[in-house]
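# Topology and contacts: notes
The lines below spell out each chain.
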Amino acid sequence: MRLPRPRGPITAALFTRLSSPPPEPTPRPEAAPPPEAALPSEAALPPEAAPLPEPAPLHETAPPPEAAQLPEAAPPPAVVSSGGRSGPPSARSELADGDLQLALFACYELHYQGFDDADDRWEWEPSLLATRAALERRLEDALAALVPRPPAVPPAGVRAALVELTADDGPSLSAYLRREADLGVFREFVVHRSIYHLKEADPHTWAIPRLRGGPKAALVEIQADEYGGGRAERMHAELFAATMTGLGLDASYGAYLDRVPGITLAVSNVMSLFGLHRRWRGALAGHLAALEMTSSAPNRRYGDGLRRLGGDRVATRFYDEHVQADAVHEQVAAHDLCAGLAAQDPSLTGDILYGAACALAVERLWAGHVLSRWRRGLSSLEQESGTRASLAARSA
Ligand SMILES: [Fe+2]
Ligand SMILES: [Fe+2]
């Protein structure tokens, strides 16, 4: 995939940097002489050791380095509809800010498939990591403002708390797609989801080397299914590509990155944030559990909706597969992964539930946004390079 179109000052500055090679590392200073040569001979030693200079005063705790300066943020776009749910407007604006979310998405993408027109060495370029850290701070602040920390529970209560959290999975997008959506709306739904589903499971895979014992085995069990159990054609990302092709959409990776709004990118960015930082490993486990625990029944409705609209077995297979697979995954994720991790490391209990709550909150914002657009007969995609009508026309 190529770098997307900039959406504001942050992405304009970032993509200009990524279009050039990263700065050359500064040359290392001249090698010091070997230790023997540097030692004074015994004869040259002073008779008494010279007094040591006073040590410089130490700060109690070194302050963290200042994050790299970002260009002035663009004025926030209209706040996405929350589907009737409340939340601090500034947090919702940040999550809907296409410039911010696309910039962060691009920084993260360097750790996945990358961009054809960005040098791979940018992935670990210190100045770019500093930019990413500043963007991540805005995302973390928005999540903290939007998502209250779930009440503390003992490790043994994690599974029940997850069940309670996921009992209400937000505006019923799946009911709408099952019964009311036309083909153009269903295509839009698939376009939004392509941002994650074409790399499905990858963000949660980052947790594997950070876990051990039972929770690690549980995560690998889930991920093995997501990656097709060794058969490329059964990988969930491949099944989703087949759904896209069946709907006349472009199934190439990142094809619709320019078309999705900030809130769609935020859904993926939250996973990458939790995935790429070991300190968020508990949240990542909870995030995966929330996805798995709210997947089986909606996927049945998505599949039914697509069949109603004429989708064949190949097109609906992605959804049909998840009805069964996620009925199992939700048990493994809630019990073996999350409850197991909390028992192993009780200090992660709060983060596990917070990660689940973040997944649900951002998903609800996204669902509220697309539903409010569709119910008014409007496209939920970015309008610049096409409309809902143009998506439908392409496959006619
Ligand atoms: Fe899956
Ligand atoms: Fe799954």
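Calculation criteria
- Residues numbered from 1 in each chain as written.
- Chains lettered and ligands numbered in written order.
- Predicted model: local features only at pLDDT ≥ 70, side-chain atom pairs only at ≥ 80, totals over all residues.
- Helix = DSSP H or I, 4+ residues; strand = E, 2+ residues; numbered from the N terminus.
- Contact = placed C-beta atoms within 7 Å.
- Buried ≥ 20, exposed ≤ 12 C-beta atoms within 10 Å, placed from the backbone.
- Axes fitted to C-alpha atoms, helices over the stretch in contact; angles between N-to-C directions.
- Parallel < 35°, antiparallel > 145°, perpendicular 65-115°, else oblique.
- Left-handed = near helix turned anticlockwise from the far one by under 90°.
- Nonpolar A, V, L, I, M, F, W, Y, C, P; charged D, E, K, R; others polar.
- pLDDT = per-residue confidence, 0-100.
- Expected span 1.5 Å × (residues − 1).
- Bend = angle between axes of the 7 residues up to and from the residue.
- Arc of directions from axis to C-beta.
- Core = buried A, V, L, I, M, F, W, Y, C linked by C-beta atoms within 7 Å.

## With respect to the environment of Thr316
Of note, Thr316 is situated in helix H15 (residues 313-344). For the pair formed by Thr316 and Asn299, sequence separation is 17 residues and the distance between their alpha carbons is 9.7 Å. The contact partners of Thr316, leaving out residues within four places of it in the chain, are Gly303, Leu306, Arg307 and Gly311.

## Description of unusual backbone geometry
For Ala201, which is not a glycine, the phi torsion comes out positive at approximately 85°. As for its position among the elements, Ala201 is in the loop between helix H8 (183-197) and helix H9 (202-205). Judged by the 19 C-beta atoms lying within 10 Å of it, Ala201 is partly exposed.

## Focus on the packing of helix H10 (residues 213-226) against H15
At a minimum axis separation of 8 Å, H10 and H15 run at an interaxial angle of 160°. Comparing their axes, H15 and H10 come out roughly antiparallel. Like other packed secondary-structure pairs, H10 and H15 cross with a definite hand, here left-handed. Where H10 approaches H15, its residues Gly213, Gly214, Pro215, Ala218, Leu219, Glu221, Ile222 and Asp225 are matched on the opposing element by Ala325, His329, Val332, Ala333, Asp336, Leu337, Gly340, Leu341 and Gln344. A class-by-class count of the residues in the contact of H10 with H15 yields nine nonpolar, five polar and three charged.

## Details of the confidence of the model for the chain
Chain-level pLDDT for the chain is 87 on average; 80% of the residues reach the 70-or-more range. A low-confidence stretch, residues 35-86 stays under pLDDT 50, and its non-local contacts, those more than four residues away or across chains, total 51 contacts. Confidence drops under a pLDDT of 50 for residues 385-389, and excluding neighbours within four residues, the segment shows eight contacts in the predicted structure.

## Focus: helix H12 (residues 262-276)
Between its first and last C-alpha atoms H12 spans 20 Å; for 15 residues at 1.5 Å apiece the expected length is 21 Å, and the two agree. For H12, the principal kink sits at Ser268 and spans about 25°. Along H12, 14 of the 15 residues are buried, which leaves the element largely enclosed by surrounding structure.

## Points about helix H14 (residues 296-308)
Helical geometry note: an α-helix holds 3.6 residues per turn, so side chains three or four residues apart project in the same direction. Taking 1.5 Å as the rise per residue, H14 with 13 residues should run 18 Å; its terminal C-alpha atoms sit 19 Å apart, in good agreement. Residues of H14 that are buried include every one of Pro298, Asn299, Tyr302, Gly303, Gly305 and Leu306, and no others. Relative to the axis of H14, the buried residues are bounded by an arc of 160° and lie together on one face. In the core, the buried residues of H14 are packed alongside helix H7 (173-179), H8 and H15.

## Looking at the nonpolar core
In terms of nonpolar packing, the biggest core is built from 103 residues, with Val270, Ala289, Cys338, Ala356, Cys358 and Val362 touching the most fellow members. The leading source of residues in this core is helix H16 (residues 349-375), at 16 residues. Setting aside residues up to four positions removed in sequence, Cys358 forms contacts with Leu143, Val147, Val270, Ala283 and His287.

## Focus on the packing of helix H4 (residues 98-109) against helix H5 (residues 126-146)
To characterise two packed helices, one gives the angle between the axes of the helices and the distance between these axes. Viewed as axis vectors pointing N to C, H4 and H5 meet at an angle of 135°, and their least axial separation amounts to 10 Å. Overall, the two elements H4 and H5 adopt an arrangement that is oblique. H4 and H5 meet at a crossing whose hand is left-handed. Residues Leu100, Ala103, Leu104 and Cys107 of H4 lie in contact with H5, whose contacting residues are Leu128, Thr131, Arg132, Leu135, Glu136, Arg138 and Leu139. Within the contact of H4 with H5, the residues separate by chemical class into seven nonpolar, one polar and three charged.

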